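# Survey of secondary and tertiary structure
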Amino acid sequence: MGAVNGKDYINRLNQLRNEIWYDGEKVEGLLSEHPAFKGLLQSKAALYDLQHDPKIKEEMTFVSPVTGERIGLSYLQPKTKEDLTRRRKMIEHWARYSGGMMGRSPDYLNTVLMSFASSASYFTNKDYCFPNHLQAFYELARENDLSFTHTFVSPQVNRSPIYIENTDEPIAARVIKKNEKGLLIKGARLLATQGGLTDEVLVFNVGKFLFNEDEAFAFSIPSNTEGLKFICRDTFIGGPSSFNHPLSSRFEEMDSIVVFDNVLVPWNRVFYYNNAKAAEEFPFESSFHPFTKHQVVIRQIVKTEFILGLAELLIETIKISEYQHIQEKMSEIITGLETMRALLEKSENNAQLDEWGYMRPEIFPLQVAGNLFPAIYPRFTEILQLIGASGMITLPTENAFHSTIRSDLDLYLQGATKTAEDRVKIFRLAWDVTMSSFGTRQTQYERYFFGDPIRLSSELYKKYPKNDYVKAIHTFLDLK
Ligand SMILES: Cc1cc2nc3c(=O)[nH]c(=O)nc-3n(C[C@H](O)[C@H](O)[C@H](O)COP(=O)(O)OP(=O)(O)OC[C@H]3O[C@@H](n4cnc5c(N)ncnc54)[C@H](O)[C@@H]3O)c2cc1C
């Protein structure tokens, strides 16, 4: 099949008939026509079409080692530094389409799966582990350009460090039975961004230290597997108009709870089970962090460029660039942008081949970026609000500009350098980035989507090599 285009993606998704629950009702009919999903699916389709855009096709795809067809470059396993650069360009193309606002453009999870497969050998000769299943599934996904959601986190019932679930009915998804066909899973995982809106659901353990062996499993199953349910939150789409809701009308990704109601996972889709040690170690031993964070940081850089451009446009529109505090605030965004770029470059420059022959970007700069961005992104949104002031509130709708009140709007809402209509467009975008339900989710997303920032910084502290610096102080003070 090779790299899909937008039409292929939508057709395949519509045929799946995934069990999605929205506002207390089971979604019937075509997903691509549902008001809560339509905008996102059109945007995703546009991303897939970029893979066939003659101008950038070479940068978005590569030749399959199996079929000779062109396949999505987000599946490319980097073996050289040039491969990392190729990956960077592809990620940038996709991120630029949404200004970095689509956390789950297809490259994110394709990269995750690629990273897992690149380290499949970790599972060799380990109990209840099937590296061959992981490798075969990666190839299937790569050759058919499958799309993914994922769910790595258990329900937020009790996060006490000493809590071990002990309920009659499983809450956190666990294996309740195994038979000759596969594993039977019951319980829930949350949350899954774009849950139900993809071909497959990837389930792994990441970032948790497990107590129950029956919660230690990894697999991927089609989203329409019997017993699999996706329960959506309320939509954050403000409305269909891209004038009124420039971001949410196009990029609202939806998040869902994933329920496994006695779901059978066939053996050929099981990557491991019943091995808590492997589940705990794999995310850190594998190339999951370096490859996935590489994708994440590139998207976040594009997002910061988008914020910078938007902030400057606000400033030009109402002529406030001469104020020193405005310059100081802009320099904060520029500092964030240049810092993220420097960290990315260092990670690529210092990339090294891992034990399985794949070119891993250096992890520490990526970890630093991963700790930095959740802190600076909320500040960027605050800066936009501080620059925009009441302009973030005086936001008449598209209809108002097509009504008899327009002449008043044209006069009173004009900007120094922009017509009223353009001025409102710009400010509506700033509002959708920072103040709408879509915008506040974006902030929460950047804080949490890759894990709890508190635990991520502990990880950096624990893994960062500090001995040489401690020794230097010993020497400096002539300590015994
Ligand atoms: C918008 C959004 C989209 C997401 N999309 C996905 C997705 O598609 N797939 C997916 O798998 N996940 C997704 N996530 C979930 C994400 O992985 C989690 O939010 C993240 O791992 C943190 O876990 P939690 O939310 O359960 O927080 P919790 O672990 O419940 O933490 C709650 C609070 O308790 C503190 N806390 C809890 N345990 C500890 C501890 N051991 N040490 C110190 N402090 C602790 C935390 O710091 C935090 O303040 C998404 C999250 C968001 C916000």
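Residues numbered from 1 in each chain as written. Predicted model: local features only at pLDDT ≥ 70, side-chain atom pairs only at ≥ 80, totals over all residues. Heavy atoms only, no water.

## Quick look at the sheet that holds strand β5 (residues 148–151)
Note the cut-off: Following DSSP output, two strands are said to pair if at least two bridges run between them. We count a stretch as a helix when DSSP gives it H or I for four or more residues in a row; a strand needs E for two or more, and each element gets its number in order from the N terminus. Comment: axis = line fitted to C-alpha atoms, over the contacting stretch for helices; angle = value between 0 and 180 degrees taken between N-to-C directions. In what follows, a contact means two residues having at least one pair of non-hydrogen atoms within 4.5 Å.
What the 4 strands build is an open sheet, ordered β5-β8-β9-β12; its pairing is mixed. Of all strands in the sheet, those with a lone pairing partner are β5 and β12 (270–273), marking the two edges. Neighbouring strand axes in the sheet, compared pairwise and without regard to direction, differ in orientation by 20° on average. Judged from the 4 bridges that link them, β5 and strand β8 (residues 200–203) form a sheet pairing that is parallel. Among the inter-strand pairings, T151 is bridged to a residue of β8, identified as V203. Along the sheet, helix α5 (residues 107–118) contacts β5 and β8; its crossing angle with β5, the most-contacted strand, is approximately 70°.

## With respect to the packing of aromatic side chains
Where we set the bar: Each Phe, Tyr or Trp ring, with Trp reduced to its six-membered ring, pairs with another whose centre is within 6.5 Å; inter-plane angles below 30 degrees give stacked pairs, above 60 give edge-to-face pairs, and intermediate values give tilted ones. Per-residue accessibility, obtained with a 1.4 Å probe over protein chains only, is compared with the maximum for each type, and a residue is labelled buried under 20%, exposed over 50%, and partly exposed between these values.
All chains considered together, the criterion is met by 34 aromatic pairs. Judged by centre distance (4.9 Å) and plane angle (35°), the rings of Y9 and Y48 are tilted. Taken together, the residues Y9 in helix α1 (residues 6–16) and Y48 in helix α2 (residues 38–50) connect sequence positions 39 residues apart. As far as burial versus exposure is concerned, Y9 and Y48 are alike and both buried. Both rings, one in Y108 and one in F449, keep their centres 6.0 Å apart while their planes meet at 65°; by these two values the pair is edge-to-face. Separated by 341 residues along the polypeptide, Y108 in helix α5 and F449 in the loop between α15 (437–448) and α16 (453–463) bring together distant segments of the chain. Accessibility classification places Y108 together with F449 in one group, the buried group.

## Points about the domain arrangement of the protein
Heads up, the condition is: Just so you know, the domain bounds were taken from an automatic or database domain assignment. Buried area is understood as the total, over both parts, of accessible area removed when two parts are fitted together, assessed with a 1.4 Å probe. Criterion for a salt bridge: a side-chain nitrogen of Lys or Arg within 4 Å of a carboxyl oxygen of Asp or Glu. Whenever a nitrogen or oxygen atom comes within 3.5 Å of another N or O atom, the pair is scored as a polar contact, on the condition that within protein one atom can donate a hydrogen and the other can accept it, and that pairs from neighbouring residues in sequence are kept only if both atoms are in side chains. Classification convention: Asp, Glu, Lys, Arg as charged; Ala, Val, Leu, Ile, Met, Phe, Trp, Tyr, Cys, Pro as nonpolar; all other residues, Gly among them, as polar.
You can read the domains of the protein as domain 1 (6–276) and domain 2 (287–477). Each of domain 1 and domain 2 has a C-alpha centre, and the two are 25 Å apart. Across the contact, 45 residues belong to domain 1 and 45 residues belong to domain 2. When domain 1 packs against domain 2, close to 4,000 Å² is buried across both sides, 66% of that on carbon and sulfur atoms. There are 3 salt bridges connecting domain 1 and domain 2. Here R441 ties to D255 by a salt bridge, and the two come within 2.7 Å at their closest N and O atoms. In this assembly, domain 1 and domain 2 are joined by 16 residue pairs in polar contact (both at pLDDT 80 or more). When contributions to the side of domain 1 that touches domain 2 are tallied by element, the ones reaching two or more residues are α4 (81–98), α5 and α7 (248–251). Examining the composition of the side of domain 1 that touches domain 2, we find that 8 residues originate from one element, α5, more than from any other. For the side of domain 1 that touches domain 2, the residue count by class is 18 nonpolar, 16 polar and 11 charged.

## Some details on unusual backbone geometry
Leave glycine aside and you will find that most residues have negative phi; peptide bonds, for their part, are mostly trans. Cis peptide bonds are those with omega within 30 degrees of zero, and the linkage from L190 to L191 qualifies with -15°. Counting through the fold element by element, L191 comes out in strand β7 (residues 182–193). The phi torsion at D145 lies on the positive side, around 50°, for a residue other than glycine. Residue classification places D145 among the buried residues on the basis of a relative accessible area of 1%. One non-glycine residue, N262, lies in the positive phi region at around 55°. Locating N262 in the fold gives a position in strand β11 (residues 255–266). You can call N262 partly exposed: its relative accessible area is 38%.

## Regarding the site of the ligand
Formally: The criterion for a residue being near a molecule or strand is simple. One of its heavy atoms has to lie within 4 Å of it.
Near the ligand lie 20 residues; those nearest to it are R104, F152, R159, D452 and R455. One of the side-chain N or O atoms of R159 is found 2.5 Å from an oxygen atom in the ligand. In this structure, an oxygen atom belonging to the ligand sits 2.7 Å away from a side-chain N or O atom of D452. Every element with two or more residues in the shell around the ligand is listed here: β5, β7, α15 and α16. When residues of the shell around the ligand are assigned to their parent elements, the largest contribution, 4 residues, is made by α15. By residue class, the composition of the shell around the ligand is 8 nonpolar, 6 polar and 6 charged.

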